[in-house]
Amino acid sequence: MKSSKATALVLSLPWVLTFGVFWLFPILYSLVIGFTDYTLLGRGFNWTGLENFRLLFADPAFISALKNTFIFVGGTIPITTTVALLLALLVNRQFKGRGLFRAGYFVPSITSMVVVALIFTNLYQRGGYIAMLASMAGFTPPQHGFLFDSGSALYSIMAMDVWMAVGYYMLIFLAGLKAIPDELYEAAEIAGAGKIRQFFSITLPMLRPVALFIVVINTIKSFQVMVEIFVMTKGKFDTSTSVYFIYETGLTTQFQFGYASAAAYVLFVIIALFSIVQFVLLRRRQPIW
Amino acid sequence: MVTGKSASSLVRYVIATVILAIMIFPLLWMFRVSVMSAGSSISIGDFFSSGFTLANYADLFAGDLITRPLFNSLIVGGVVTLGNIVFSLMVAYSLARYRLLLNKVLFVTVILILMIPAHIVIIPLYVLMLKAGLYDSYWALILPWLVNPIGIFLVKQYIESIPQSMEDAARVDGAGDFRVLFTIVMPLCKPALAVLAIQVFFTNWNSFLFPSILTTSDQLRTLPVALALYQGHQAIDWQHLMAGSSIAVLPVLILFVFMQKRIVSGITAGGIKQ
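Each residue is numbered by its place in its chain's sequence as written, counting from 1. All chains are assigned letters beginning at A, and all ligands numbers beginning at 1, according to the order in which they are written. Only residues with pLDDT of at least 70 are given local features in this predicted model, and only at 80 or more are side-chain atom pairs given and counted; all residues enter the totals for whole chains, interfaces and linings.

> Mind showing me how you'd approach the overall build of chain A here?
Helix and strand assignments follow DSSP, with helices taken as H or I runs no shorter than four residues and strands as E runs no shorter than two, numbered in order from the N terminus. When helices and strands are counted, chain A shows 12 helices and zero strands. Here chain A holds 289 residues, and 43% of them are scored as buried. We call two residues in contact whenever the C-beta atoms placed from their backbones are within 7 Å. Within chain A, residue pairs in contact and separated by at least 24 positions form 68% of the contacts whose partners lie at least 6 positions apart. To assign burial, the other C-beta atoms lying within 10 Å of each residue's own C-beta are counted, with C-beta atoms placed from the backbone; 20 or more indicates buried, 12 or fewer indicates exposed, and intermediate counts indicate partly exposed.

And the structure:
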């Protein structure tokens, strides 16, 4: 079977190369330079041990970026997940025009983030649509527009992200709803359980794995929020996030490769810890709700 | 008299319609602004009262402002999609049909990279491209993404679901491994490859972060990068910016209308990662 081994290796080669050159090497390289003072402009680099990490946690820009990342993740994920579930329940039952509603809810999530961010930059500006809606609802919109105010900029971006993501997760919830056997509901009907009781005793527990899957993938994604920050605020008005910080320190003005790599690894460890905790919850037998 | 059932279905329609309006209004606003006459300030009432012109689109296509990025996005998206189809099929076939220790290890690496947050390679990929002399070239936009773990994963699962007997029969007739793969397995995998192609093309078409950090010259900007950089320029107004955005969104919308089933099945099959 020597020839089949050779064939297998040749067939796998595209991934062996891609993995080695564009994933494994960069990941290890980044880990190494995270312990150095390597910059684009400096000559060579020196080992600095844990200095980058010590500096990071004393750097107000990094702390604030980390804080904003946590606000973003903690604020959007519960809302996105809940709204996505409610949307799925709304369009799950067979009714006329259901396909149109589903498609309409889903469309924002296949639109380019840059385009979405541009549209909302317009909608959020002074005198824009959202300012008008806010005034109509009795609120005073920020004087210079929602994105030019430290009190509202980050939350405005978060609201946009929820708007964009809910349709995508709705589809995953719909697949989960479809997988629940009808017999369960029939049995509950016979046992005299009402609709609300059925929802809490059947639908919600059966959706638990799907919900946790959604939370896991959304957590990994949301911790890396960056593009909308780049397009809408460039990190100003207290909106800088961890990945924006990595970009700003590593790839603009001073090109501090080492320092930015250290920051990337801090975020990496945070994401890994969250993912591990969520996986443990995912595998637990007894429901958490 | 309205019965209880039809009242509740009316409520459902009202709620669903209000949400639909919220979900599609921003996109409608983009299209609306893109056909307003340029230079004028936009006010809220303009949605209905303002005129209609295609001049902004004509302006964009007349200059290099959008044609070059559009061309780049198409080329890069096309090559990356093609690469993923061929390479995912090859790797997935190897992982699905050859039970070797090496393949077990490779499958673990596929799962690992599937879950790893990509921000970790921003800096090292930039340095790598710089040192390799590939920074600011088409290679930088294409090479890292020619095969991705989601593709391998999806196609591997699909191949494992089809019986091996046809491949064996072809082998008995003297067909070689590559012949079997591309003439027997590939046609059978068409549904999975179609789902993969759409996902890869969409992801690539909308991608901003890596294309923006790995290139710097105007000639190499993809559509999202160009749009993001135009914003804030004194020379460009909202009408033109929204026309450019519409050009970036239209292909995705059109593909979505025609291939909704495939797109949806791709999402429910595994969930996409950028």
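> Looking at this structure, I do not really get the overall build of chain B. What am I missing?
Along the backbone of chain B there are 14 helices and zero strands. Reading chain B from its N terminus to its C terminus gives the helix and strand order α-α-α-α-α-α-α-α-α-α-α-α-α-α. With the principal axes as the frame, chain B shows a C-alpha extent of 70 × 70 × 35 Å. Expressed as a percentage of the 274 residues in chain B, the buried residues total 44%. When contacts within chain B are restricted to residue pairs at least 6 apart in sequence, those whose partners lie at least 24 apart make up 76%.

> Can you walk me through helix 10 (residues 177–188) of chain B in this structure?
Residues separated by three or four positions in an α-helix point in the same direction, a consequence of the helix having 3.6 residues per turn. Residue and element names in this part refer to chain B. Between the first and last residue of a helix there are one fewer steps than residues, each counted as 1.5 Å, and that sum is the expected span. Compared with the 16 Å implied by 1.5 Å per residue over 12 residues, the 16 Å span of helix 10 between its first and last C-alpha is a close match. Restricting attention to buried positions, one finds in helix 10 the residues Asp177, Val180, Leu181 and Val185. One side of helix 10 carries all its buried residues, which in axial view fall inside an arc of 95°. Within helix 10, the exposed residues directed more than 90 degrees away from the buried face are Thr183 and Pro187. Note that the arc is defined by the directions from the helix axis to the C-beta atoms.

> What is the right way to look at the interface of chain B and chain A in this model?
By a frequent convention, interface size equals the accessible area lost on bringing the separate parts together. Taken together, the contact between chain B and chain A spans 62 residues of the former and 64 residues of the latter. Elements with a contribution of two residues or more to the side of chain B that touches chain A: helix 1 (4–34), helix 4 (64–97), helix 5 (101–115), helix 6 (122–131), helix 11 (190–206), helix 12 (209–214), helix 13 (223–230) and helix 14 (238–270) of chain B. The element that contributes the greatest number of residues to the side of chain B that touches chain A is helix 1 of chain B, accounting for 12 residues. Polarity classes work like this: nonpolar for Ala, Val, Leu, Ile, Met, Phe, Trp, Tyr, Cys and Pro, charged for Asp, Glu, Lys and Arg, and polar for all others, with Gly in that last group. Looking at the side of chain B that touches chain A residue by residue, the classes come out as 49 nonpolar, 11 polar and two charged.

> For this particular structure, what's the right way to read unusual backbone geometry?
Across the chain, the bulk of peptide bonds are trans and the bulk of non-glycine residues have phi less than zero. All names here are of chain A. Phi angles above zero are rare outside glycine, and Phe237 is one such case at about 55°. Within the fold, Phe237 resides in the loop between helix 10 (227–232) and helix 11 (242–251). Using a count of 21 C-beta atoms within 10 Å as the deciding quantity, one classes Phe237 as buried. In this model, Phe255 sits at a positive phi of 45°, which is unusual for a non-glycine residue. Looking at the secondary structure, you find Phe255 in the loop between helix 11 and helix 12 (257–283). A residue is classified by how many C-beta atoms lie within 10 Å of it, and Phe255, with 18 of them, is partly exposed.

> It is not clear to me how the nonpolar core should be interpreted in this structure. Could you clarify?
A general feature of soluble globular proteins is that nonpolar side chains tend to end up buried together. In this description, a nonpolar core means buried residues of the types Ala, Val, Leu, Ile, Met, Phe, Trp, Tyr and Cys, linked to one another by C-beta atoms lying within 7 Å. If you look at the biggest cluster of nonpolar residues, it comprises 159 residues, and the most contacted ones within it are Val114(A), Met170(A), Ala263(A) and Val155(B). If one sorts the elements of this core by residue count, helix 7 (residues 153–178) of chain A sits on top with 14 residues. Aside from chain neighbours lying at most four places away, what touches Met170(A) is Ala84(A), Leu87(A), Ala88(A) and Tyr105(A).

> Is there a simple way to think about the environment of Thr249(A) in this case?
All names here are of chain A. You can see Thr249 is positioned in helix 11. Through-space distance from the C-alpha of Thr249 to that of Met136 is 41 Å; in sequence the pair is 113 residues apart. If near-sequence neighbours (up to four positions away) are discounted, Thr249 is found in contact with Gln256, Tyr259, Ala260 and Ala263.

> Whenever I open this one, the packing of helix 5 (residues 113–124) of chain A against helix 13 of chain B confuses me. Can you help?
Helix-helix packing is described using two parameters, namely the angle between the two axes and the distance between the axes. The axes used here are C-alpha line fits, helices contributing only the stretch in contact, and every angle between their N-to-C directions lies in the interval 0 to 180 degrees. Helix 13 of chain B packs onto helix 5 of chain A with a crossing angle of 25° between their chain directions and a minimal axis gap of 9 Å. By the angle class used here, helix 5 of chain A and helix 13 of chain B are roughly parallel. Here helix 5 of chain A runs over helix 13 of chain B; the crossing is left-handed. Across the interface between the two elements, Val114(A), Val115(A) and Leu118(A) of helix 5 of chain A pack against Pro224(B), Leu227(B) and Ala228(B) of helix 13 of chain B. We call two directions roughly parallel when the angle between them is under 35 degrees, roughly antiparallel when it is over 145, roughly perpendicular when it lies between 65 and 115, and oblique otherwise. For any pair of crossing helices, the crossing counts as left-handed if the nearer helix is rotated counterclockwise from the farther one by less than a right angle, and right-handed if it is rotated clockwise.

> Please explain the environment of Val10(A) as it appears in this structure.
Of note, Val10(A) is situated in helix 1 (residues 2–33). For the pair Val10(A) and Leu40(A), spaced 30 residues apart in sequence, the C-alpha to C-alpha distance is 37 Å.

> It is not clear to me how the packing of helix 11 of chain A against helix 12 of chain A should be interpreted in this structure. Could you clarify?
Residues and elements named next belong to chain A. Their axes nearest at 8 Å, the elements helix 11 and helix 12 cross at an angle of 165°. Compared by their axis directions, helix 11 and helix 12 come out roughly antiparallel. The hand of the helix 11/helix 12 crossing is left-handed. Listed contacts from helix 12 to Ser242, Phe245, Ile246, Thr249 and Gly250 of helix 11 are Phe257, Tyr259, Ala260, Ala263, Ala264 and Leu267. Of the residues in the contact of helix 11 with helix 12, the class split is eight nonpolar, three polar and no charged.

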